[in-house]
Amino acid sequence: MASCNGIVRRMVSLPRSIFGGFSRAMGHGIDLIGIGGRRTPTLPSNFQHLHPQDPIIVPQELDFLASFEHQYGSTHPFFYACHFMEALKIAEDDRKFLFMYLHSPEHPFTHSFCRETLCSELTVQYLDANFVCWGALANKGQGSQMAALLRPASFPFCAVIAPSSGDNIAVLQQIEGPISPAELVEILQRTLEEQGLAFGSCKAKQEEKIRADRRLREEQDAAYLAALQIDKEKERLKSLSSKERVQQPAEAPKKANYEKFKNNPRPSTVKQASTTRETQTKEAANKAKDPQATQILIRFPNGERREQSFSSTEKVQSIYRFIDSLALPGVGNYRLVSSFPRRVYGVDQMGQTLKDAGLHPRASLFLESM
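Residues numbered from 1 in each chain as written. Predicted model: local features only at pLDDT ≥ 70, side-chain atom pairs only at ≥ 80, totals over all residues. Heavy atoms only, no water.

**Q** What exactly am I supposed to notice about a nonpolar patch on the surface here?
**A** The grouping of Tyr224, Leu225 and Leu228 at the surface amounts to a nonpolar patch, some 320 Å² of accessible area in total. Tracing the backbone through its elements, the reader meets Leu228 in helix α7 (residues 181-239). Of the residues examined, Leu228 reaches a relative accessible area of 33% and is grouped as partly exposed. (Patch = residues over 30% accessible without salt bridge, like charges linked within 9 Å, V, L, I, M, F, W, Y side chains within 5 Å. Areas by Shrake-Rupley, 256 points an atom, 1.4 Å probe, with all protein chains shown as cover. Salt bridge = Lys/Arg side-chain N within 4 Å of Asp/Glu carboxyl O. Helix = DSSP H or I, 4+ residues; strand = E, 2+ residues; numbered from the N terminus. Buried < 20%, exposed > 50% of the residue type's maximum accessible area, 1.4 Å probe, protein only.)

Structural data, given as structure tokens:
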């Protein structure tokens, strides 16, 4: 993140012992309960006087909170009683900076700073709303490590810290010596205004890069699956027998001729379309008396039934012409099929007579969509 921001005062590389403390804190085994967005520990019986909303508790941080509340009471910024690295991770997750306070009880300005500035209502409200706060004793545990790392010139000592890449942290602001609540809030507000936009912009760039990388991986996966599918299709076509590969083109002209016939019916077909239903009924009755007459019952997809009489010497194509002449809505590409035994009367059977096709003297056919 520091590479995106020229305002950062300095970068500091953390010692490996800080990270070791973080892993031990995460495995400390203390029961946690989420309350109001903060984590509340089950405190040991001898620490019940501490702040009721502390997170993961470790002995060194208990020393700081115990001594601080013993001297200055429970009205103070919400200090996360956890290892430094966990507090930094909480700040990063909450998109906030970390406010660090190193407590030096023996320093002459510490008492007045804590009571008048750090515990003032103005400071408490501002820090709790805008920062994640972490405190430690300057001469003990991780507090002494941070003091050696940041080398404060005097106490009280506060710092505004942001996570950075690798094992580094960005020290955005250091506040040393006594200061009033208004001055402290002014410095912190100015730091947020100067540094917040740059760090937020860098964070947004990092997130956009993560999203771009994820999209790229998804596109690569999709391209790989598509190529794999193409390879499978090629293998399938190769496995087809030579007979099947020859038959497929041969069937295409038959289907094309049938489509041409449907779309361009002969004049006689158009004439049949103008024939009235009464005339068709009379013709059917006359043909029914003929021993060569073939009665065909046709069932349509919409449930409608039509019965028509044909001569046994007529061809299957005549049935198609009759159906097309009805111009029924919803009838598109279809083929004729007998139900039992199932037999398809398609393009290849159009040249057969009804008798040769096994439809004489009576048959029932239905339209099957193609």
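**Q** Looking at this structure, I do not really get the sheet that holds strand β10 (residues 334-338). What am I missing?
**A** The mixed open sheet is built from 5 strands, whose spatial order is β9-β8-β12-β10-β11. Strands with a single pairing partner mark the edges of an open sheet, and in this sheet they are β9 (305-311) and β11 (343-345). Averaged over neighbouring strand pairs, the angle between their axes works out to 35 degrees when direction is ignored. Here β10 runs beside β11; their pairing, made up of 3 bridges, is antiparallel. From the neighbouring strand, Leu336 faces β11, where its bridge partner is Tyr345. (Pairing = 2+ DSSP bridges. Axes fitted to C-alpha atoms, helices over the stretch in contact; angles between N-to-C directions.)

**Q** What's the story with the confidence of the model for the protein in this structure? I'm lost.
**A** Any residue range with low pLDDT should be treated as having predicted coordinates unsuitable for detailed reading. Scored by pLDDT, the protein comes out at a mean of 77, with 67% of its residues at no less than 70. A low-confidence stretch, residues 1-7 (pLDDT under 50), is modelled with 14 contacts involving residues beyond four sequence positions or located in other chains. Here residues 21-57 is modelled with pLDDT under 50, and outside its nearest four sequence neighbours on either side it reaches 72 contacts, counting other chains as well. (pLDDT = per-residue confidence, 0-100. Contact = heavy atoms within 4.5 Å.)

**Q** Mind showing me how you'd approach the pairing of strand β6 (residues 157-163) here?
**A** Each regular strand carries side chains that alternate between the two faces of the sheet. Counting buried positions over the 7 residues of β6 gives 7, a clear majority of the element. Side chains Phe157, Ala159, Ile161 and Pro163 project from β6 onto one buried face, and the interleaved Cys158, Val160 and Ala162 project onto a second face that is buried too. Examined bridge by bridge, strand β4 (residues 97-103) and β6 share 5 bridges and lie antiparallel to one another. Bridge pairing in β6 places Leu98 opposite Ile161.

**Q** I'm lost on the packing of aromatic side chains in this one. Help?
**A** The description of two aromatic rings rests on the distance between their centres and on the angle between their planes. This structure, assessed with the given rule, holds 13 aromatic pairs. Ring geometry for Phe68 and Phe79: centres 5.9 Å apart, planes at 65 degrees, overall edge-to-face. On the criterion of sequence distance, the pair formed by Phe68 in helix α2 (residues 59-72) and Phe79 in the loop between α2 and α3 (84-93) is long-range, its members being 11 residues apart. On the basis of relative accessibility, which here comes to 1%, the residue Phe79 falls in the buried class. With a centroid separation of 5.3 Å and 75 degrees between ring planes, the pair formed by Phe84 and Trp134 is classed as edge-to-face. Here Trp134 lies in strand β5 (residues 131-137) and Phe84 lies in helix α3, a separation of 50 residues in the sequence. We classify Phe84 as buried; its relative accessible area is 0%. Residue classification places Trp134 among the buried positions, given a relative accessible area of 0%. (Phe/Tyr/Trp six-rings, centres within 6.5 Å; stacked < 30°, edge-to-face > 60°.)

**Q** Would you explain the pattern of salt bridges in this entry?
**A** Oppositely charged side chains may form a pair once their charged atoms are brought near each other. Under the counting rule described, the total for this entry stands at 7 salt bridges. Note that Arg362 and Glu307 form a salt bridge whose closest N and O atoms lie 2.8 Å from each other. Linking Arg362 in strand β12 (residues 362-369) with Glu307 in strand β9, this pair joins segments that are 55 residues apart in sequence. Classification of Arg362 by relative accessible area gives exposed; the value is 56%.

**Q** It is not clear to me how the pairing of β4 should be interpreted in this structure. Could you clarify?
**A** Burial within β4 is extensive, with 7 of its 7 residues counted as buried. Bridge analysis of β4 against β5 gives 7 bridges, and the strand direction is parallel. Considered in β5, the bridge of Leu98 is made with Val132.

**Q** Teacher, can you tell me more about unusual backbone geometry here?
**A** Peptide bonds are, in most cases, trans, and in most cases residues other than glycine have a negative phi. Look at the link from Phe155 to Pro156: it is a cis peptide, with omega at 0 degrees. Relative to the assigned elements, Pro156 resides in the loop between α6 (141-150) and β6. Although it is not a glycine, Arg151 adopts a positive phi angle of roughly 50 degrees. Topologically, Arg151 is positioned in the loop between α6 and β6. Of note in this structure, Ala327 is not a glycine but carries a positive phi near 50 degrees. Residue placement: Ala327 occurs in the loop between α11 (316-326) and β10. Ala327 gets classed as exposed once you look at its relative accessible area, which sits at 62%.

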